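So the chains spell out like this:
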Amino acid sequence: MAYLQSMPHLKFSVARQLPAKIANYDVVVTRNLQNEGAGAEHLRQFVENGGSWLILVHLSEKPLPEIFGAQPEPVGPAAELRILFENKNHSSAVRLPDAVYLPGRYHALKKIDEACETILYADWHYTHSPVLTHRLVGKGQVACTTLQAYENPIFQQILYRLMRRLAGTIEQNRELGVGLLGYSPAVGQSHGLGVQHTNGLSLRAVCDLNPQRLSQAKQDFPHVKAYETSEAFSGDMDVDVVIVTTPPNTHAEMCIQMMGAGKHVVCEKPLVLTREDASTLVEMADRQHLHLSCHQNRRWDTDFLAIKQAVAEGLIGNLFYLETFVGGFVHPCGYWHSHAAVSGGTSYDWGAHYLDWVVSLIPDPVKTVVGTRHKRVWHDVTNADQERIHVRFSGGQEAEFMHSDVAAVRKPKWYLLGTEGAIVGHWQDVSAFEIDPILYFHRHDIPATEMSPDLTLYRRHHTGQILSQKMAIPIRAQYPFHLNLANHLLTGEPIAAPLEDSVKVVAILEAAARSMSKGGTVEVLHDG
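Residues numbered from 1 in each chain as written. Predicted model: local features only at pLDDT ≥ 70, side-chain atom pairs only at ≥ 80, totals over all residues. Heavy atoms only, no water.

A. How the structure looks around the overall build of the protein chain. Check the secondary structure of the protein chain and you find 13 helices and 26 strands. Taken against the 2.2 N^0.38 rule, which gives 24 Å for 528 residues, the C-alpha radius of gyration of the protein chain at 26 Å falls within 12% of a compact globule. Taken along its principal axes, the extent of the C-alpha atoms in the protein chain is 80 × 70 × 65 Å. In the protein chain, buried positions account for 50% of the 528 residues. Contacts in the protein chain between residues far apart in sequence, at least 24 positions, make up 67% of those at least 6 positions apart. For the protein chain, the exposed surface amounts to about 25,800 Å²; the carbon and sulfur share of it is 52%. One finds the centroid of the 46 positive side-chain charges in the protein chain at a distance of 4 Å from the centroid of its 56 negative side-chain charges. (Helix = DSSP H or I, 4+ residues; strand = E, 2+ residues; numbered from the N terminus. Rg over C-alpha atoms; globule rule 2.2 N^0.38 Å. Buried < 20%, exposed > 50% of the residue type's maximum accessible area, 1.4 Å probe, protein only. Contact = heavy atoms within 4.5 Å. Areas by Shrake-Rupley, 256 points an atom, 1.4 Å probe, with all protein chains shown as cover. Lys, Arg positive; Asp, Glu negative; His and termini not counted. Charge placed at Lys NZ, Arg CZ, Asp CG, Glu CD.)

B. Inspection of the sheet that holds strand E24 (residues 454-460) at higher detail. Pairing is mixed in the open sheet, where nine strands are placed in the order E25-E24-E21-E20-E16-E19-E18-E17-E26. Looking along the sheet, the strands with just one partner apiece sit at the ends: strand E25 (466-470) and strand E26 (523-524). Against the sheet, helix H11 (residues 350-361) touches strand E16 (319-327), strand E18 (386-393), strand E19 (398-404) and strand E20 (414-418), its axis set at about 165 degrees to E16. Together, strand E17 (366-374), E18 and E26 form the strand contacts of helix H13 (residues 499-517), whose direction differs from that of E17 by roughly 50 degrees. (Pairing = 2+ DSSP bridges. Axes fitted to C-alpha atoms, helices over the stretch in contact; angles between N-to-C directions.)

C. How the structure looks around the pairing of strand E9 (residues 140-145). Among the six residues in E9, six count as buried, and that is most of the element. A two-sided burial pattern is seen for E9, the buried positions comprising Gly 140, Val 142 and Cys 144 on one face and Gln 141, Ala 143 and Thr 145 on the other. Two elements, strand E2 (residues 52-56) and E9, share five bridges in a ladder whose sense is parallel. Bridging from a neighbouring strand, Leu 56 pairs with Thr 145 of E9. Pairing analysis gives six bridges linking strand E8 (residues 127-137) to E9, with the strands arranged antiparallel. Residue His 134 lies in a different strand from E9, and its bridge partner there is Ala 143. Where E8 hands over to E9, the hairpin turn is made up of two residues, of which Gly 138 adopts a positive phi near 55 degrees.

D. Spatial organisation of H13. Look at H13: 27 Å from first C-alpha to last across 19 residues, which is about the 27 Å you get at 1.5 Å a residue. Backbone geometry just downstream of H13 places Gly 519 in the positive-phi region, at approximately 85 degrees. (Expected span 1.5 Å × (residues − 1).)

E. Highlighting a nonpolar patch on the surface. There is a patch of nonpolar side chains on the surface, built from Phe 433, Tyr 440 and Phe 441 and spanning about 420 Å² of accessible area. One can find Phe 433 in strand E22 (residues 430-436). (Patch = residues over 30% accessible without salt bridge, like charges linked within 9 Å, V, L, I, M, F, W, Y side chains within 5 Å. Salt bridge = Lys/Arg side-chain N within 4 Å of Asp/Glu carboxyl O.)

F. Fine view of the environment of His 488. In this fold, His 488 is placed in helix H12 (residues 480-491). Residues His 488 and Leu 290, spaced 198 residues apart in sequence, show a C-alpha to C-alpha distance of 12 Å. Among all residues touching His 488, those that are not within four sequence positions of it are His 291, Glu 493, Pro 494 and Ile 495. Among the polar contacts made by the side chain of His 488, one reaches the main-chain carbonyl oxygen of Glu 493 at a distance of 2.7 Å. (Polar contact = N/O pair within 3.5 Å; in protein donor to acceptor, adjacent residues only side chain to side chain.)

G. Region of the structure containing the nonpolar core. Judged by nonpolar contacts, the single largest core of 45 residues is most densely connected at Leu 361, Ile 389, Trp 414, Leu 416 and Ile 423. Once residues within four sequence positions are removed from consideration, Ile 389 is found in contact with Ser 347, Leu 355, Val 369, Val 370, Gly 371, Ala 399, Glu 400, Phe 401, Ile 508, Leu 509, Ala 512 and Met 516. (Core = buried A, V, L, I, M, F, W, Y, C linked by side-chain atoms within 4.5 Å.)

H. Representation of the pattern of salt bridges within the structure. If you walk through the whole model with that rule in mind, you get 27 salt bridges. In this structure, Lys 413 and Asp 303 form a salt bridge, with 2.8 Å as the shortest nitrogen-oxygen distance. Placement of the pair is Lys 413 in the loop between E19 and E20 and Asp 303 in helix H9 (residues 302-312), with a sequence separation of 110 residues. The residue Lys 470 makes a salt bridge to Asp 454 at a minimum N-O spacing of 2.9 Å. You can see Lys 470 sitting in strand E25 and its partner Asp 454 sitting in strand E24, a full 16 residues away along the chain.

I. Looking closely at empty space enclosed by the protein. Within this structure, the stated rule accounts for three cavities of 30 Å³ or more. Each pocket or cavity is described by its volume, and for the largest cavity that value is around 50 Å³. Breaking the lining of the largest cavity down by element, the ones donating at least two residues are E18 and H13. Sort the elements by how many residues they give to the lining of the largest cavity and H13 lands first, with four residues. Its residues placed into classes, the lining of the largest cavity shows six nonpolar, four polar and two charged. (1 Å grid on protein atoms, 1.4 Å probe; cavity = no way out; pocket = protein on both sides within 12 Å on 5 of 7 lines; lining within 4 Å. Points joined across faces, edges and corners; volume = space filled by probe spheres on them. Nonpolar A, V, L, I, M, F, W, Y, C, P; charged D, E, K, R; others polar.)

J. Broad picture of the packing of helix H7 (residues 251-260) against helix H8 (residues 275-288). Contact pair H7 / H8: the axes reach a minimum separation of 10 Å and the direction vectors enclose 10 degrees. The angle between H7 and H8 places the two elements in the roughly parallel class. Taken together, the residues of H8 that come into contact with H7 (itself represented by Ala 252, Cys 255, Ile 256, Met 259 and Gly 260) are Asp 277, Thr 280, Leu 281, Met 284, Ala 285 and Gln 288. Among the residues forming the contact of H7 with H8, the class breakdown is seven nonpolar, three polar and one charged. (Parallel < 35°, antiparallel > 145°, perpendicular 65-115°, else oblique.)

K. Quick look at H12. For H12, spanning 12 residues, the distance from its first C-alpha to its last is 16 Å, which sits close to the expected 16 Å at 1.5 Å a residue. Residues of H12 that are buried: Pro 480, Phe 481, His 482, Asn 484, Leu 485, Ala 486, Asn 487, Leu 489, Leu 490 and Thr 491. Just downstream of H12, Gly 492 is the residue with a positive phi angle, here 80 degrees.

So, to be careful, I would describe these as geometric facts and stop short of saying anything about function.
As structure tokens, this is what we get:
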């Protein structure tokens, strides 16, 4: 239900009994409504007249109405089921894994009509056992499934796409043209590869003021068009989506220009530097009916995903205190990232990612923000050497983010306290060695920020002892941000990092900067 509620374009209602009037609905979903009573006949007529009916067969062996063309087999044992699309080129399979493993009882469907289409099957004892079927009936459609893993994100996507089909939406093989506004060697190439590897997205154009960077873009992606000005770039009719990768102090201007040209916009983090600019962008996107979001790719960092899952499952009870840290004792870089007038300040860089994690883990409104900073060592750059941001939420929860370039010893990356336990994430320093016959070897240090930290979960046992266990880390996905973007723009599926979260991050950063400038005052956010 929460998954459906996250999509504002969906209109639905929940009822304990079938309403008397259902003609205005596109799809009716029922749980275990069998081939009996007036309700089943009412729904049969609804389907014959052009409506659609989806039955969630939840561990029931009672017969289904004949119009479904399938009947439930006996319920089998609990298992981890390997689920696949019968037709791997099915419209609902686009941008989804070839197979997904779902928990639940094995429960097959037996097809009794050749017109009944198998959409999903379970790989069971080396046979294809149907578990989600579809059938055309009169002017309408019916579908049923015996799968029970409603909380699984992949199955949620499949059910949503099925309901789109039942509602009459024909999935077309559309492709959105993508343009990159700004092409830094690392970020530009990363976005280009992400677009290239995502079905439904196509890299069409690149724009940069620097001829050398344009030349590099043409080497990396020979087929793209190159533009030297944003004005010419914005007029390219082959570009539907623009990814803005220019420095932060230009984000507001570039986003407004691109949306003014009718383009959907994805902006690098931070979205903008002020809440006023954020409001302007949001209002323009709403007015133009365009997509606007921030490139919060760290939402897919495996340590964050593990922590998010643990908190959602209640493994540490109610989260009430959170600390995050990034840094070390290293000279700041010589790029614009180290200069406050361009970057926004020390916290606007990594802080845009870490605070995005914070507002995702603690979604309550922000009440107060306090920021402090130190400038003691690195006087050749304009960023502070260290900044700390303390956030208090409406529910009393607290969170702290610290970025320090003068930390000879690093704090843990993660420190979370809940009412029943805690999570600590320690940085991992990993080096790779390459043999050299003359110099013996070359050492390559992998940045600690790119390695998953060592995560440990602590819980209090009823005996009073504190038990600990290493947390499972999910497998890193390939280009998940671009995949999510395509799913959102092409099928309306939820964006993983909602725009309102990115706006909240900007509000926190701006309030913290204001607090720092006044020596650490308490800044109250009235609409946080």
